[in-house]
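# Examining the three-dimensional arrangement
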Amino acid sequence: MSSQIAFRAQKRLGLVHGSPAYSPVHGFSDPGVPARTCQYSNDGRLFAYALPSSVRILQAENAILLQELNIPNVVELNFSPRGTYLSTWERPVKLEDGAQHKNLRVFSVSTGEELIAFSQKSQENWDIQYTVSESHAVRLVAQEIQVFRPAEWSKGIIDKLRVENAAMLSVSPGLNPSIAVFVAEKKGAPASVKIYGLLALSATPTSSKTFFKADRTQIKWNDLGTQALIITQTEVDNSNMSYYGETSLYLLSAAGNFDCRVTLDKDGPIHDVAWSPNSKEFGVVYGYMPAKAMLFDSRVRTLYDFGSSPINTISFNPQGRLILLAGFGNLAGKTDIIDRRSLTKICTIDAPNTSYCSWSPCGRFLLTAVLSPRLRVDNGIKVWHCSGPLVHVQPIDELYQAGWRPTPVDQVPAFPQTIPQAPPPSESVSSVGANGKPASAKPAGAYRPPGARGLATPAIFKREDEGGTPVRGGTGNGNGTNGTPTRGYGRGAGTPQGANGVNGGRRHVPGAPPRTPSTGGAGAPSGGAGPGAGSNPAGGATETAGEKKRKKKDAKKGKAAASGGGGDVSSGAATPTGGGDTTISARLSIDVANGLNGAALCPTAQPTTPKENADSMDMASKKIRNLNKKLKAIDELKEKAKRGDHLEATQLKKIEGEADIRKELVLLTGGGGGAAA
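Residues numbered from 1 in each chain as written. Predicted model: local features only at pLDDT ≥ 70, side-chain atom pairs only at ≥ 80, totals over all residues. Heavy atoms only, no water.

### Details of the pairing of strand β23 (residues 270-275)
Within a regular beta strand, the side chains point alternately toward one face of the sheet and then the other, so they alternate between its two faces. Put simply, the rule reads: Buried, partly exposed and exposed residues are distinguished by accessible area as a fraction of the type maximum, computed with a 1.4 Å probe on protein chains only: under 20%, between the cut-offs, and over 50%, respectively. Secondary structure elements are taken from DSSP: a helix is a run of H or I of four residues or more, a strand is a run of E of two residues or more, and numbering for both begins at the N terminus. In this description, strands pair whenever DSSP reports at least two bridges between them.
Across the 6 residues that make up β23, a large majority, 5, are buried. With 5 bridges joining them, β23 and strand β24 (residues 281-286) adopt antiparallel strand pairing. In the sheet register, D272 faces β24, and the bridge partner there is V285. Counting the residues that bridge the hairpin from β23 to β24 gives 5 residues, and of these S279 lies at a positive phi of roughly 65 degrees.

### A short note on the packing of aromatic side chains
Going by this rule: Note on aromatic contacts: the rings of Phe and Tyr and the six-membered ring of Trp form a pair at centre separations within 6.5 Å, being stacked when their planes are under 30 degrees apart, edge-to-face when over 60 apart, and tilted otherwise. Here, a charge over a ring is recorded when the distance from Lys NZ or Arg CZ to the ring centre is within 6 Å and its angle to the ring normal is within 35 degrees.
On inspection of all chains with the given rule, the structure shows 11 aromatic pairs. With a centroid separation of 6.1 Å and an interplanar angle of 45 degrees, the aromatic rings of F47 and Y49 are classed as tilted. For the residue pair F47 and Y49, the accessibility class agrees, reading buried in each case. Ring centres of F282 and F296 lie 5.5 Å apart, and the angle between their planes is 20 degrees; on these two criteria the pair is classed as stacked. Of this pair, F282 sits in strand β24 while F296 is found in strand β25 (residues 291-297), placing the two residues 14 residues apart along the sequence. As far as burial versus exposure is concerned, F282 and F296 are alike and both buried. Taken together through their ring pairs, the aromatic side chains of Y85, F118, Y130, F148 and W153 make up a single cluster. Across from the ring centre of F118, 4.4 Å away, lies the NZ or CZ of R139, which sits over that ring. Sitting over the ring of F258, R299 keeps its end group 4.5 Å from the ring centre.

### Side note on the sheet that holds strand β8 (residues 85-90)
Sheet strands pair by backbone hydrogen bonding; their relative direction is either parallel or antiparallel. Definition in use: With axes taken as lines fitted to C-alpha atoms, and helix axes fitted only over the stretch in contact, angles between N-to-C directions fall between 0 and 180 degrees.
Pairing in this open sheet of 4 strands is antiparallel, and the strands run β7-β8-β9-β10 from one edge to the other. Here the strands that pair on one side only, and so sit at the sheet edges, are β7 (74-79) and β10 (114-118). Across the sheet, the mean angle from the axis of one strand to that of its neighbour is 20 degrees, orientation sign disregarded. Note that β7 and β8 share 5 bridges and pair antiparallel. In the strand pairing of β8, L77 is matched with T88.

### Examining the side chain of S428
Basically, it comes down to this: Whenever two N or O atoms come within 3.5 Å, that pair is a polar contact, provided that in protein one can donate a hydrogen and the other can accept it, and provided that, for residues adjacent in sequence, both atoms are side-chain atoms. Residues are treated as being in contact if the distance between any of their heavy atoms lies within 4.5 Å.
With respect to the helices and strands, the residue S428 is situated in helix α1 (residues 427-435). A distance of 3.1 Å separates polar atoms of two side chains, one belonging to S428 and the other to H392. At 2.8 Å, the side chain of S428 and the side chain of S426 are in polar contact. With residues up to four places along the chain from it excluded, the contact list for S428 reads H392 and V393.

### A word on helix α6 (residues 658-668)
It helps to recall that an α-helix has 3.6 residues per turn; residues three or four apart then point in one direction. Filter applied, for reference: For this quantity, the arc is that covered by the directions from the helix axis to the C-beta atoms.
When α6 is considered as a whole, its buried residues turn out to be E658, I661 and L665. The arc that holds the buried residues of α6, viewed along the axis, is 65 degrees, so those residues lie on one side. Turned more than 90 degrees off the buried face of α6, the exposed positions are D660, K663 and L667.

### Regarding the pairing of strand β34 (residues 390-395)
The sheet contact formed by strand β33 (residues 380-385) and β34 spans 5 bridges and is antiparallel. Note on β34: the bridge partner recorded for G380 is P395. Here β33 hands over to β34 after 4 residues, with G388 in that stretch at a positive phi of 125 degrees.

### Focus on the sheet that holds strand β4 (residues 46-50)
Pairing within the open sheet is antiparallel, and its 4 strands lie in the order β3-β4-β5-β6. Single-partner strands in this sheet number two, and they are β3 (37-40) and β6 (64-69). The mean inter-strand angle of the sheet, taken between neighbouring strand axes irrespective of direction, is 20 degrees. Here 4 bridges tie β3 to β4, and the two strands are oriented antiparallel to one another. Following the sheet pairing, T37 is matched in β4 by A50.

### Things to note about the pattern of salt bridges
Pairs can form between side chains of opposite charge once their charged atoms are near each other. What counts here: Any Lys or Arg side-chain nitrogen found within 4 Å of a carboxyl oxygen on Asp or Glu counts as a salt bridge.
On inspection of all chains with the given rule, the structure shows 21 salt bridges. A salt bridge links E398 to R376; its shortest N-O distance comes to 3.7 Å. Of the two residues, E398 sits in the loop between β34 and β35 (399-404) while R376 sits in the loop between β32 (365-370) and β33, which places them 22 residues apart along the sequence. Under the relative-accessibility criterion, R376 is labelled exposed at 53%. Salt-bridge contacts for E664 lead to K623; the nearest nitrogen and oxygen are separated by 3.3 Å.

### Comments concerning the nonpolar core
The cut-off we apply is this: For our purposes a nonpolar core is just a set of buried Ala, Val, Leu, Ile, Met, Phe, Trp, Tyr and Cys residues, chained together by side-chain atoms within 4.5 Å.
In this structure, F365, A369, V383 and L399 are the most contacted members of the largest nonpolar core, which totals 17 residues. Where this core is concerned, the elements lending two or more residues are β1 (4-9), β32, β33 and β35. Contacts of F365, omitting those with residues within four sequence positions, involve S19, Y22, S358, W359, S360, V383, W384, H385, V391, W404 and P423. Of all hydrophobic cores here, the second largest spans 16 residues; its members include I270, F282, M294 and F296.

This is a description of form; function is not addressed.
Structure (structure tokens):
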């Protein structure tokens, strides 16, 4: 059975051969109208697709038409495990006679005859579930599990079981089928998963597990059907750490001899879970980014820790020899291929914008696709060899669906002991490379601020997978101290010597003109200070806010003493007031405001400068402006009173104070009356 790829786009539907030709399948013709869905049978023999007016079933190998079912408006279709039956689903509609619309139909692939039909409103979990041998078919209807025998659809239900609050079910693969039923939380009762034997449905469950924090769940069986991984999820995360709710992982044995919670050592959501084809081990990707990947055995013992990296997908190839670890969706598309035997990385593939990824049945190739409507540009499929090279590219506008033709593992060549060599790439790779835009140089690693760049990047700025400091709860670094490193521009006690305002260095104010240092002594200019004025008695420690406030207060006292006539004004001298107190010039500089204290001051007072006169004039004009605002407000209140509006007591009191305000305004304006409102 040759490898094959099917794809569905808005205007195209195609079948393409796999390696090495990648040519269209001979005999398949595009239907010419948009297909709504397409599907291979599990054994790869059949291929079906839905058109607006019909459903066609083809032989996949040579695209020979086997059946055409005249069913319009089919949205979903699916084959039974052996390809004997085809199920179709249409959107439910109201019929004119008021009868239920039986929109879930089951057809015989060989004859095209409709065998049975049901009413199924929800598109989620719409299909009937079969056992591997197709001996039984199961569906959940209104909390009731119904069992059918496909060989005798006309007999209807042969067995049933009612399970209160049952939300979903999953039939296990394998020769001894079981049914896992998820029961949702209700009225404070915990959620649960119960496993029943299909042949003894009315007996007690063979295995059961209860848990809280479970609004919905995913059930993933291993290929033997002996164990199931239960991924529970809540709609809301009460810790507000995740937009997508809380997730937990449990392992249940169908026989009931083992069940436990899978304990994960990193907080965050569970991104992906995958069983190995040998059914003895499984991989989990979990935690906040960068996420961790871990390999466990069937008893939840850790086999290998792959470390942290930006990934959210894990997948085993059909032979279980290779493991894929990738970051798709919102991540950059970095894909690592791991050899399961040696647990070493074989290669890294860069597949950005990937929406879909799957292994070929032979386990040697990887198909990635960029699908619409998630991304409407660069749509198409790419085929990579497991050793890393790109071997085929096929751009397809508005691609909706793509996938490999399934093939049983026993019908494909065995995977070799060593990693096989890549075949030569198809012509499409060279043509796309010649016509494509030159790849822009991408920066290595994540963005870092300028202060964190360089060869000696602090560990705090590195990701965990690059050797950075692990992220712990809270803002600290786990040992009771703050995890943020000390920076040279801080204003705390850890500020380096010689920083702004420390150890006598003048503080630099952005935009201020440069200032020349003043000298102490009697000849010091105004605003100057003697040696040591830039430092405080603490030996260079940064001043506190209290010290600055006290020194500003002292400066104001000195100004008041100088203007109070304590010295000889004609000579410009001011006599220092009692004790050892000194006065400071009224012209306060930025240095004085930042803590000049204990400086040797000149015994002569400074004459009044034009700047001081301007300041006093500014204060007077501000007061006049405020008084005019009050008069304007009083006039507005008077207008309200004339209109008959009710005035509060405080407003009446404000009107009564109009005379005092006008007197004060006359004094300030020198009898000019000021600007009346």
